[in-house]
Amino acid sequence: MNRFEPNLRIPGPTSLPDAVREAGARQMVNHRGPEFATLQNGIIERLKAFYKTQNDVLIVTAAGTGGLESAIVSFLSPGDKVLAVTIGAFGDRFAKIATVYGANVTKLSFEWGKAADPAKVREALTADGPWKAVLLTQNETSTAVTNPIKELAEVVTDAAPDALVIVDAISGLGAVPFETDEWKLDVVVSGSQKAWMVAPGLSFVSVSPRAWDAAAAAKMPKFYFDLAAHRTSAEAGQTPWTPAVAVMFQLDVALNMMEQEGLDDIWKRHAAVGAAVRAGLTTLGFKLLADPAYASNTVTGAWIPEDLEWKAFNGKLRKLGLIVAGGQGALKGKIFRIGHLGHVTVPSILNAMAVLEQTLIELGRPVVPGTAVQAAQVAALKSLGLAK
Ligand SMILES: Cc1ncc(COP(=O)(O)O)c(C=O)c1O
C-alpha cells in the first residue's frame, strides 16, 4: 500500500471528487419508489444536455461494454450488414460483439495510431450494401486517437442514408466537443467511469427515433440489454432490473459539478491537459503513438523506448504515486498511456510530469529537472490562451 494519495492517471476509472465519493455512501432508496424516479428523471434530462440531444437517453446498469452490447442487440437482426470502422482494440471489440450475435460484419481497420479516413469509409460503403448500421468509435482509448465523428457520420448519411450510425463515445463524451443531434448520430454509448467522474457501473445510451423504428423489427436475442424494455421502465421512472443506485447518487452530484463548470470550460480544460501531457512527454523524449492531428484530449499513448525496462520504470512510477496504464492488444508491452479525463486538472498533470522526470533521473537518464513540467505548463497556458 502506498500511503500517499495516488495520482490515478489511467483512462478510467478516473479518480472521484470527494463530494462524488460521499454521495456513493448514501442510504439506499426504493428503486421502484418516487425518490428514485425523481433521481433518474433528473439525471436523464441533464445527460441529454451533455449529449446535445433531444433523443431518448437510457441508463443501463453495466460496464461500457454492456452499453455497446445493448446497442447491437436492440437495433439489429442476425444477418444484417454492418460496417465496423475500427482504429484499435475497442473498435475491434465492438465489431466482435456484432459478430458474436450473428451480424454480417465487414471490418474496416485503420493503422493503430491513425484516425479513420472518411474517404475510405465512403469507398467501403459504396462498394457493398445495403448497410443496416455503421459502428464508429469516437475516442479510441487503446491508441489515444479521437476520430472525426462529424465527418465520418456525414459520409454515412450521404453514402448509406438508411444505415444507423452507432457510436462508442465511452471515453470521450462529456470531455471533448460532441454533438449527437447535429451530427445525426442514432445511437451513442458512454460510460460512468470516464468523463463523468463517477464509479464504474453505469452505461448511457442515446437512441434516435430512427433507431427505435429499427428496434421494433430487430431480432437479435436479448434480455438484460433490451433497450426497449429500458425505455418502457424509464417512462415509469424505473429501470427493468435493479440499478446501481449508489452510482446514480454519485452521477447526480457529478452532473451538478459539470453543470457548474459548463460544457465549454470542460472542453477547454481537457484541451489544456491534453496539450500539457503531449508537450511534457515529448520533452522527456517519448514518441507519441497518435497522429498529432487526431491526438486525444482524454488519453495519451507513448512508445516505451527499447532501452527502457518497463517493469522497473512502472514500479518506480507507482512508488512515487503515479499510476499509468499499459498498452492493450497488439500494443501490450509496447506503449504506456496516461489518462486525462474527468476529474483532472493541469496541476495534476504537472505532478505526473514531475514524477516522470524524477523516475527517469533515478534510472540514470539525462533529464534536466523541471523541463517537462515547464513544457507541460506552457502548453496548457497556450491552450487556454494565457501564453503565447
Ligand atoms: C472506447 C472504449 N470503448 C469501450 C470500452 C469498454 O468499457 P468497459 O470497460 O466499461 O466495458 C472502453 C473502456 O475503456 C473504452 O475506452
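Residues numbered from 1 in each chain as written. Predicted model: local features only at pLDDT ≥ 70, side-chain atom pairs only at ≥ 80, totals over all residues.

Thoughts on the sheet that holds strand S3 (residues 81-86)
Inference 1: The mixed open sheet is built from 7 strands, whose spatial order is S2-S10-S9-S8-S5-S3-S4. Among the strands making up the open sheet, the edge pair consists of strand S2 (56-61) and strand S4 (104-109). Looking at each pair of strands side by side, their axes are set apart by 20° on average, direction ignored.
Inference 2: Note: S2 against strand S10 (residues 202-207), 6 bridges, orientation antiparallel. Pairing of Leu58 across the sheet is with Val205, part of S10.
Inference 3: Together, S3, S4, strand S5 (133-137) and strand S8 (164-168) form the strand contacts of helix H4 (residues 89-100), whose direction differs from that of S3 by roughly 165°. (Pairing = 2+ DSSP bridges. Helix = DSSP H or I, 4+ residues; strand = E, 2+ residues; numbered from the N terminus. Axes fitted to C-alpha atoms, helices over the stretch in contact; angles between N-to-C directions. Contact = placed C-beta atoms within 7 Å.)

Notes on the pairing of strand S9 (residues 187-191)
Inference 1: Within S9, 5 of the 5 residues are buried, leaving the element largely enclosed by the surrounding structure.
Inference 2: Burial along S9 is two-sided: Val187, Val189 and Gly191 and Val188 and Ser190, pointing in opposite directions, are all buried.
Inference 3: Pairing geometry for S8 and S9, over 3 bridges, is parallel. Residue Ile166 lies in a different strand from S9, and its bridge partner there is Val187.
Inference 4: Pairing between S9 and S10: 5 bridges, direction antiparallel. Across the sheet, Ser190 pairs through a bridge with Phe204, a residue of S10. (Buried ≥ 20, exposed ≤ 12 C-beta atoms within 10 Å, placed from the backbone.)

Notes on the packing of helix H10 (residues 263-283) against helix H12 (residues 346-362)
Inference 1: Two elements in contact, H10 and H12, have axes separated by 9 Å at closest approach and are oriented at 15°. The angle between the axes of H10 and H12 places the two elements in the roughly parallel class. The interaxial crossing formed by H10 with H12 has right-handed handedness. Here H10 contributes Ala272, Val273, Ala276, Val277 and Gly280 to the contact with H12, which in turn contributes Val346, Ile349 and Met353.
Inference 2: Taken together, the residues that form the contact of H10 with H12 break down as 7 nonpolar, 1 polar and no charged. (Parallel < 35°, antiparallel > 145°, perpendicular 65-115°, else oblique. Left-handed = near helix turned anticlockwise from the far one by under 90°. Nonpolar A, V, L, I, M, F, W, Y, C, P; charged D, E, K, R; others polar.)

Focus: helix H8 (residues 227-235)
Inference 1: Taken as a whole, H8 has its buried residues at Leu227, His230 and Ala234. Projected down its long axis, H8 carries its buried residues within an arc of 50°, all on one side. Summarising the geometry of H8, the exposed residues directed more than 90 degrees from the buried face are Thr232 and Glu235.
Inference 2: In this fold, the buried residues of H8 make contact with helix H2 (34-51), S2, helix H3 (64-75), S10 and helix H7 (209-217).
Inference 3: Remark: Gly237 follows H8 within two positions and exhibits a positive phi of approximately 70°. (Arc of directions from axis to C-beta.)

Focus: the domain arrangement of the chain
Inference 1: Per the domain assignment, the segments making up the chain are domain 1 (7-13 + 262-383) and domain 2 (19-259).
Inference 2: Domain 1 and domain 2 are separated by 28 Å when their C-alpha centres are compared.
Inference 3: Contacts between the two partners involve 26 residues from domain 1, matched on the other side by 26 residues from domain 2.
Inference 4: Looking at the side of domain 1 that touches domain 2, the elements that each hand over two or more residues are H10 and strand S11 (299-303).
Inference 5: Considering each element in turn, the side of domain 1 that touches domain 2 owes the most residues, 4 residues, to H10.
Inference 6: Residues belonging to the side of domain 1 that touches domain 2 are distributed by class as follows: 13 nonpolar, 11 polar and 2 charged. (Domains from an automatic or database assignment.)

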